[in-house]
Amino acid sequence: MNDTRTADALVIFGITGDLAHKMTFRSLYRLERRGLLRVPIIGAAVEDWTLEQLIDRARESITSAGEKLDEKVFKRFARRLSFVGGAAQEDFYDRLATALADHPHPAYYLEIPPALFESVIGGLSRKGLLADGQRVVVEKPFGHDLDSARALAADLHKYIEEAQLFRIDHFLAKMALREILYLRFANTMLEPVWNRNHIAAVQINMFESFGVEDRGSFYDPVGALRDVVVNHLLQVLAAAAMEPPAGGDATTLQDAKYAVLRSMRDADPAHYVRGQYVGYTKVKGVAKGSETETYTALKLEIDNWRWAGVPFFIRAGKEMSTTATEIRLIFRDPPRVPFIPAGVGEPEPAQLVFKLDPATGVQVLLDAHRADARDGRGTLALAAELASQGGEDPTPYEVLLEAALAGDASLFTRQDSVEESWRVLQPLLNHPPAVHRYKRGSAGPSAADVLTAEIGGWRGPWIDAP
């Protein structure tokens, strides 16, 4: 059972690092601006920074992220900040305990490599700083395969219970992902057709128009499958395919997503295509002759009553033609319509598209009579971007930090789902096919086209604003 007591402080390990610079300071500042940040922020790092250095770093991080700084808001935020340096020193946890003397129930956020998780959590535990069910928030990766994911969890479970461990996957906090659940279960026109009787296939696209850039040394041992599929995109799939949850509590929602992953067959390497964009091996930090994939396309199947026989296709890559992430439901072909003249081709099946990035949107594609079409028929697109229909939600890290402080585990990943995700994809790691080269700015290697030949090819992504 999750402890839903609100944390009375937030301790951030690795606050001098890149993630804090790009995401954390900005997200905390936005929470402060919205009046939702009510606790002190204690930074922890190996470096011995002064408080002034930390405040300067926060200011620069917020403005470089594109936020317009409100000085009154920033002053309130700066007053919350303090710093405990020398994390590698023997007396570090004593000094941290002193800083937390008036805050017995903090949340700890580990923005550090997973190799350091056990050391930090062990240090907190030995000092008694985890004895009251305090939450620990950690960043991916959660292992690099099934065995290492289990080993990492076993190391952490020496000191804390699973309910104390909040694993961040920022895709779970995206507005569109929650919109999928809401639209599906709140509208009777959608849920009755959300099954194998009406849906022919589901396709998930994650296109990035940029490359590895300066992350070569990190990315090369990882690759696209580990970087975005085993975590982000399988979570998207699970959210779209889950059964109607019996409640809104974290355990019920996590159980529903776990049930989807548990029902999935092991992925088949015969339905897996790997690609690498031309020029990748020249990136600094990439090994000479590297065969790491920057593109991945695969077919997955769910063996349950709702989805049996419906293929789920995932396609993700860097240096693609655009930047867009979406999930696309492709409906079954209609029966032949007698009044449509012969020889004009079969109707394109209806599609329902949820766009997650770069903006949030919903699109319905229907075959319709079109006066501007030569044969009188074409695709009718009914689309809306949510920014124009009530506005965009807060950024994912705002949502996650607020949830971690409140003890809401529904937006975090549980260990059983982590293990099932690795189990599904482990055959692809054990038996990876050869890498196909593809041009920058393309849709990836043509070898991936065979995967979706049974449904008429890949669709999307949706890139045009309505």
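Everything below is about the structure shown above.
Residues numbered from 1 in each chain as written. Predicted model: local features only at pLDDT ≥ 70, side-chain atom pairs only at ≥ 80, totals over all residues. Heavy atoms only, no water.

## Some points on a nonpolar patch on the surface
Taken together, the side chains of Leu366, Leu380 and Leu382 make up a nonpolar region of the molecular surface, amounting to roughly 220 Å² of accessible area. Look at leucine 366 and you get partly exposed, because its relative accessible area is 32%. (Patch = residues over 30% accessible without salt bridge, like charges linked within 9 Å, V, L, I, M, F, W, Y side chains within 5 Å. Areas by Shrake-Rupley, 256 points an atom, 1.4 Å probe, with all protein chains shown as cover. Salt bridge = Lys/Arg side-chain N within 4 Å of Asp/Glu carboxyl O. Buried < 20%, exposed > 50% of the residue type's maximum accessible area, 1.4 Å probe, protein only.)

## Brief notes about the sheet that holds strand 1 (residues 10–13)
An order of 3-2-1-4-5-6 is seen for the 6 strands of this open sheet, with the pairing classed as parallel. Lying at the two open borders of the sheet, with one neighbouring strand each, are strand 3 (81–84) and strand 6 (165–167). Neighbour-to-neighbour, the strand axes of this sheet turn through a mean angle of 20 degrees, independent of strand direction. With 3 bridges joining them, strand 4 (residues 107–110) and strand 5 (residues 136–138) adopt parallel strand pairing. The residue of strand 5 that forms the bridge with leucine 110 is valine 138. Across the face of the sheet, helix 1 (residues 18–33) comes into contact with strand 1, strand 2 (41–44) and strand 4 while running at roughly 165 degrees to strand 1. (Pairing = 2+ DSSP bridges. Helix = DSSP H or I, 4+ residues; strand = E, 2+ residues; numbered from the N terminus. Axes fitted to C-alpha atoms, helices over the stretch in contact; angles between N-to-C directions. Contact = heavy atoms within 4.5 Å.)

## With respect to the packing of aromatic side chains
What the rule picks out here adds up to 12 aromatic pairs. Following the ring pairs from residue to residue traces out a cluster consisting of Tyr219, Tyr277, Tyr280, Tyr295 and Tyr438. Above the plane of the ring of tryptophan 462 lies lysine 355, whose end atom (NZ or CZ) is 4.2 Å from the centre. (Phe/Tyr/Trp six-rings, centres within 6.5 Å; stacked < 30°, edge-to-face > 60°. Lys NZ or Arg CZ within 6 Å of the ring centre and 35° of its normal.)

## Observations regarding the environment of isoleucine 12
For isoleucine 12, the location among the structural elements is in strand 1. Between the C-alpha atoms of isoleucine 12 and arginine 440, which are 428 residues apart in sequence, the distance is 38 Å. With near-sequence residues (within four places) excluded, isoleucine 12 lies in contact with Thr24, Leu28, Ile41, Ile42, Gly43, Ala44, Tyr109 and Glu111.

## Some words on the packing of helix 2 (residues 51–64) against helix 3 (residues 71–80)
Put simply, helix 2 and helix 3 touch, their axes get as near as 11 Å, and they point 140 degrees apart. The orientation of helix 2 relative to helix 3 falls into the category oblique. The chirality of how helix 2 crosses helix 3 is right-handed. Where helix 2 approaches helix 3, its residues Ile55, Ala58, Arg59 and Ile62 are matched on the opposing element by Glu71, Phe74, Phe77 and Ala78. Classifying every residue of the contact of helix 2 with helix 3 by side-chain character gives 6 nonpolar, no polar and 2 charged. (Parallel < 35°, antiparallel > 145°, perpendicular 65-115°, else oblique. Left-handed = near helix turned anticlockwise from the far one by under 90°. Nonpolar A, V, L, I, M, F, W, Y, C, P; charged D, E, K, R; others polar.)

## A few points about the environment of lysine 68
For lysine 68, the position within the fold is in the loop between helix 2 and helix 3. In this structure lysine 68 comes out as exposed when scored by relative accessible area, which is 74%. Excluding its chain neighbours within four sequence positions, the residues that come into contact with lysine 68 are Tyr29 and Arg33.

## Things to note about the pairing of strand 10 (residues 312–317)
Counting buried residues in strand 10 gives 6 out of 6 residues, a clear majority hidden from the surface. Looking at chain direction, strand 7 (residues 199–207) and strand 10 are connected through 6 bridges and run parallel. Paired with methionine 206 across the strands is alanine 316, a residue of strand 10. The sheet contact formed by strand 9 (residues 295–300) and strand 10 spans 6 bridges and is antiparallel. The partner of lysine 299 across the bridge, within strand 10, is phenylalanine 313.

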